[in-house]
Amino acid sequence: MSRISAALLSAGGDVPLFAALIAQGAGAMAAFGTSFAVEYALGAPPPLLLVLAGQGAAAAVVGARLGLAPWWIPINLALPPSAGLVLMLGLPGWVYLALFAALLLFYWNAGRGRIPLYLSSRRAKEELARLLPVRPDRGASFNARGVKPARGQVRFLDLGSGFGGTVLALAAKREGEFVGIESAPLPFALSWLRVTFSGLPQARVVHGDFWKHDLAGYDVVYAFLSPAPMAELFSKARREMSPGSLFIANTFDVPGETPERTVALEDWRQGRLLIWRM
Ligand SMILES: C[S@@+](CC[C@H](N)C(=O)[O-])C[C@H]1O[C@@H](n2cnc3c(N)ncnc32)[C@H](O)[C@@H]1O
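Described in the following lines is the structure provided in the data block. The shown structure was predicted, so the numbers you read here are calculated from the model rather than taken from an experiment. Throughout this document, residue positions are counted from 1 along each chain, in the order its sequence is written. It should be noted that, the model being predicted, local features are given only for residues of pLDDT at least 70 and side-chain atom pairs only at 80 or more, the latter also being counted only at that level, while totals for whole chains, interfaces and linings use all residues.

Remarks on the site of the ligand
To be explicit about the condition: Residues are counted as near a molecule or strand when the C-beta atom, derived from backbone positions, lies within 6 Å of that molecule or strand. For the purposes of this entry, the term helix denotes a DSSP run of H or I that reaches at least four residues, the term strand denotes a run of E that reaches at least two, and both are numbered from the N terminus. Any residue that is not Ala, Val, Leu, Ile, Met, Phe, Trp, Tyr, Cys, Pro, Asp, Glu, Lys or Arg is counted as polar, Gly included; the first ten are nonpolar and the last four charged.
Surrounding the ligand, one finds 24 residues, the nearest of these being Asn-109, Ser-120, Gly-160, Gly-162 and Ser-183. For the shell around the ligand, the elements supplying multiple residues, two or more each, are α7 (165-173) and β2 (176-182). Residue composition of the shell around the ligand, by class: twelve nonpolar, nine polar and three charged.

Looking at the nonpolar core
The criterion, for reference: Take the buried Ala, Val, Leu, Ile, Met, Phe, Trp, Tyr and Cys residues, join any whose C-beta atoms are within 7 Å, and the set you get is a nonpolar core. To sort residues by exposure, count the other C-beta atoms lying within 10 Å of each residue's C-beta; 20 or more gives buried, 12 or fewer gives exposed, and values between give partly exposed, all with C-beta atoms placed from the backbone. A pair of residues counts as a contact when their C-beta atoms, built from backbone coordinates, are within 7 Å of each other.
If you look at the biggest cluster of nonpolar residues, it comprises 43 residues, and the most contacted ones within it are Phe-156, Leu-157, Val-167, Val-220, Val-221 and Tyr-222. When sequence neighbours within four positions are dropped, the list of residues in contact with Val-221 reads Leu-157, Leu-159, Leu-215, Ala-237, Met-241 and Phe-247. Of all hydrophobic cores here, the second largest spans 14 residues; its members include Ala-19, Ala-58, Ala-60 and Leu-66.

A word on the sheet that holds strand β3 (residues 203-207)
Note the threshold: In short, DSSP must find at least two bridges between two strands for them to pair. To obtain an axis, a line is fitted to C-alpha atoms, over the contacting stretch when the element is a helix, and the angle between two such axes runs from 0 to 180 degrees between their N-to-C directions.
If you walk across this open sheet you meet the seven strands as β3-β2-β1-β4-β5-β7-β6, and the pairing is mixed. Of all the strands in the sheet, the pair left with one neighbour each is β3 and β6 (261-264). Neighbour-to-neighbour, the strand axes of this sheet turn through a mean angle of 20°, independent of strand direction. α7 rests against β1 (154-159), β2, β3 and β4 (220-223) of the sheet, and its axis sits at about 175° to β2.

Quick notes on helix α9 (residues 230-240)
Condition: Taken from the helix axis, the directions to the C-beta atoms give the arc we talk about.
Every buried residue belonging to α9 is among Leu-233, Phe-234 and Ala-237, and all of these are buried. Within α9, the buried residues cover an arc of 100° as seen down the axis, which keeps them to one side. Counted as exposed and oriented over 90 degrees from the buried face of α9: Glu-232, Ser-235 and Arg-239. Close packing links the buried residues of α9 with β4 and β5 (246-250).

What about the pairing of β1?
For the record, the criterion: A crossover counts as right-handed when, viewed with the strands pointing away from the observer, the path leading from the first strand over the helix to the second turns clockwise.
The buried fraction of β1 amounts to six of the six residues, a majority that puts the element mostly inside the structure. Neither face of β1 is left uncovered, since the one carrying Val-154, Phe-156 and Asp-158 and the one carrying Arg-155, Leu-157 and Leu-159 both have all their residues buried. By the bridge criterion, six bridges tie β1 to β2 in an arrangement that is parallel. Pairing of Phe-156 across the sheet is with Phe-178, part of β2. Chirality of the crossover, the property in question, places the unit of β1, α7 and β2 among those that are right-handed. Relative to β4, β1 runs parallel, the two sharing four bridges.

Printed below as a string of C-alpha cells:
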C-alpha cells in the first residue's frame, strides 16, 4: 500500500472532516461522471436530486472505507440531496454566510480539536457539588485577580466551560473559587455575561485554550469533552496537577487508565463521572 493511500485510510480516524471532504469529492466525481455518461447515451441527464442522492451513497461508501465512524454514514448520505433541496429555496447568499459564521462561532473546536459543544446535565452538576473536597491545607498560589482562596475553600477548573453553567452551579452551592476556560467566541461571550451578572464573585470565566492553561494550583479539574483529547489531557493533568488533587472526567474514559472511583449519573445520556486522584 502506498504512503498516500495509507495516509488517506487513516484520515477517517485522525482528521474526520478532511476524510468526509474527500469522500464527498469522490462521490461527486462518481455521480456526476455517471450523469454525463447517461446524458451522452440517452440524450438527457438524470434528475439532479437523483444524481445528488447517488453522490451521497458513493460518499458514504468511500467515507466508511476511509475509516470514518459509522455515524458519518447518514451524514454523508443526506448531505448532497439536502444541499440540493436547500439551494432550490433560492435563499440569498448572505443567509448561508450568516449560518456558517454562527456555527463557526459556536463550534469553534469541533472540527480541529474534535470537541463539540454540549452541556453537563443537572445531575452531573449536583454530583460534582457533592464530590468537591474541602481544600487540603497546602497553600494555594494567588490567582489572576490577586485573591487567595481561604483555607477550606476549593479551587475548581472547568476545561471548556461552554455557557458557564457548571461553574455557576457550583459557585452557587459551594465555597471556593470556580473558574471556566472556553475558547469558542460565542459560548465564551455568553458565559462571561452570565457570570458577570450572576452576583457570584467566586465564579470566573476566561477566554483561552485549555492546552495552554496551567493546571497547577487547582484542587479539582473537570473535563466534559469528547474521546479525542482524553489521553493527552490526562498526561497534562499528571504533569501539572498537585499530588492529592482530583481530575474528574464526565463520561469519556482515559484509555488505559482506571479511575479511582466512578459515579453513575443516571441522567438522560447515562453519563458517569470518572475520578482520578493525582
Ligand atoms: C462538551 S462542552 C462542555 C461544556 C461545559 N464544560 C459543561 O460541562 O457544560 C466542551 C466545550 O469545550 C470547548 N473547548 C474545546 N476545545 C477547547 C480548548 N482547546 N480550549 C478551551 N475550550 C475548548 C468547546 O468549545 C465546548 O464549549
